[in-house]
Amino acid sequence: MTRGWTAFVLSVALAVAGCASSAPTSVLQQAERFGTATALPPADTAGSKLLGTVLAERRSLREFANEELPPDVIGQLFWAGQGETDAAGHRTAPSAGALYPLELYALTADDFAHYLPEGHRVERRGDSTSLQGLADLAFGQEFVSSAPVVLVITGVQARTEAKYAAVAGDLMNREAGHVAQNILLQATALDLVAVPVGGFDPAAIARLLALGPGEEVLYLIPVGRPG
Ligand SMILES: Cc1cc2nc3c(=O)[nH]c(=O)nc-3n(C[C@H](O)[C@H](O)[C@H](O)COP(=O)(O)O)c2cc1C
């Protein structure tokens, strides 16, 4: 994903820093350099395909072109999953009690990015996370490592437990389904291919991604252009 992010970050770096003497190589490195999260390009809230068409076209597909996805496309997928849609902070997907226990990440060969719904921003979480490592922990489902980006949905159950106690885990898992479907439909609307992956070792992937205590991996969604 480096070239796409690089083009994006050059414009952001110029705007933010006022000079281009040593442009960082990705939007995430730029975010780290300025010690702040970086705004993504505005989401497309209209779309060009009718919902019925998108529903009819959605399919789980696992063959990806060897082509990076640009930042605006990854940003649009983030927005579809968890973007804010009103001033009160409600999001594209429903959430029990509006407690929003879910987090969204994007992994590529180069970057590990965390989506911040407030302000439609992204923050850097690390460099080159191994997509092959992710595929290995998905019980060897090799197509996971051949996608240019894998979206990861995680959940922090404690946020929902505060109000819903014993049923919080069930509610959180249902919410992950809403978010995944939003992302899958958005991918379809953008003529991308994607597949929801539930077959993996969640504890091992949480360690691979160095997630905090209490944050569980709920779903992987490899996405790319059709192969
Ligand atoms: C909860 C869940 C977990 C899934 N896990 C995997 C998986 O680990 N690997 C995979 O290749 N497909 C996975 N899938 C995709 C299904 O195989 C796919 O949805 C099914 O074959 C129906 O095809 P369709 O999605 O194209 O309608 C999963 C789907 C769901 C809903």
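Bear in mind that the values here come from a model prediction, so they are computed numbers and not experimental data.

### What to know about the pairing of strand β5 (residues 149–156)
And then number 1: Judged by how many residues are buried, β5 sits mostly within the fold: 8 of 8 residues are covered.
And then number 2: Residues Val149, Leu151, Ile153 and Gly155 of β5 are buried on one face, and the alternating residues Val150, Val152, Thr154 and Val156, pointing to the opposite face, are buried as well.
And then number 3: Where strand β2 (residues 102–107) lies against β5, 6 bridges are found, and the strand directions are antiparallel. Paired with Leu107 across the two strands is Val150, which belongs to β5.
And then number 4: Of the pairings in the sheet, the one linking β5 to strand β7 (residues 215–224) comprises 8 bridges and is antiparallel in character. Looking at the pairing, Val150 lines up with Pro222 of β7.

### Notes on the site of the ligand
And then number 1: Taken together, Arg58, Arg59, Ser60, Arg62, Gln141, Phe143, Val195, Pro196, Val197, Gly198, Gly199 and Tyr219 make up the full set of residues near the ligand.
And then number 2: The contact in question runs from an oxygen atom of the ligand to an N or O atom on the side chain of Ser60, over 2.5 Å.
And then number 3: A distance of 3.0 Å is found between an oxygen atom of the ligand and a backbone nitrogen or oxygen belonging to Gly199.
And then number 4: Looking at the shell around the ligand, its residues break down into 5 nonpolar, 4 polar and 3 charged.

### A word on the nonpolar core
And then number 1: Ranked by size, the top nonpolar core spans 29 residues in total, and within it Leu77, Phe78, Leu151, Ile153, Ile183, Ile221 and Val223 carry the most contacts.
And then number 2: Those elements that provide at least two residues to this core are α4 (71–82), β2, β3 (111–116), β5, α8 (168–189) and β7.
And then number 3: If one sorts the elements of this core by residue count, α8 sits on top with 7 residues.
And then number 4: Filtering out sequence-adjacent residues up to four positions away, Ile221 remains in contact with Val149, Val150, Leu151, Ile153, Ala180, Ile183, Leu184, Ala194, Val195 and Pro196.
And then number 5: Residues Leu134, Val193, Leu211 and Leu220 belong to the second largest nonpolar core, which totals 23 residues.

### Details of unusual backbone geometry
And then number 1: A positive phi angle, near 50 degrees, is found at Ala98, a position not held by glycine.
And then number 2: For Ala98, the location among the structural elements is in the loop between α4 and β2.
And then number 3: Judged by its relative accessible area of 36%, Ala98 is partly exposed.
And then number 4: For Ala210, which is not glycine, the phi torsion reads 55 degrees and is therefore positive.
And then number 5: Note on placement: Ala210 falls in the loop between α9 (202–208) and β7.

### Description of the pattern of salt bridges
And then number 1: This model, assessed by the stated rule, comprises 5 salt bridges.
And then number 2: For Lys49, the salt bridge goes to Asp191, with nearest N and O atoms at 2.7 Å. One end of the pair, Lys49, is in the loop between β1 (38–39) and α3 (51–57); the other, Asp191, is in the loop between α8 and β6 (193–194), with 142 residues separating them in the sequence.
And then number 3: Classification of Lys49 by relative accessible area gives partly exposed; the value is 26%.
And then number 4: Close ionic contact of Arg124 with Asp111 constitutes a salt bridge, the shortest N to O distance being 3.7 Å. Within this pair, whereas Arg124 is found in strand β4 (residues 121–127), its partner Asp111 is found in strand β3, the two being separated by 13 residues in sequence.

### Digging into the packing of aromatic side chains
And then number 1: Taken as a whole and judged by the stated rule, the model has 2 aromatic pairs.
And then number 2: For the pair Phe78 and Tyr115, a centre-to-centre distance of 4.9 Å together with 15 degrees between the ring planes defines the contact as stacked. In this pair, Phe78 sits in helix α4 while Tyr115 sits in strand β3, placing the two residues 37 residues apart along the sequence. Taken individually, Phe78 and Tyr115 each receive the classification buried, so the pair is uniform in this respect.
And then number 3: Consider the rings of Tyr105 and Phe112, whose centres lie 5.3 Å apart with planes at 35 degrees: the pair is tilted.

About the thresholds
- Residues numbered from 1 in each chain as written.
- Predicted model: local features only at pLDDT ≥ 70, side-chain atom pairs only at ≥ 80, totals over all residues.
- Heavy atoms only, no water.
- Buried < 20%, exposed > 50% of the residue type's maximum accessible area, 1.4 Å probe, protein only.
- Helix = DSSP H or I, 4+ residues; strand = E, 2+ residues; numbered from the N terminus.
- Pairing = 2+ DSSP bridges.
- Near = heavy atom within 4 Å.
- Polar contact = N/O pair within 3.5 Å; in protein donor to acceptor, adjacent residues only side chain to side chain.
- Nonpolar A, V, L, I, M, F, W, Y, C, P; charged D, E, K, R; others polar.
- Core = buried A, V, L, I, M, F, W, Y, C linked by side-chain atoms within 4.5 Å.
- Contact = heavy atoms within 4.5 Å.
- Salt bridge = Lys/Arg side-chain N within 4 Å of Asp/Glu carboxyl O.
- Phe/Tyr/Trp six-rings, centres within 6.5 Å; stacked < 30°, edge-to-face > 60°.

Scope: geometric values only; no functional claims are made or implied.
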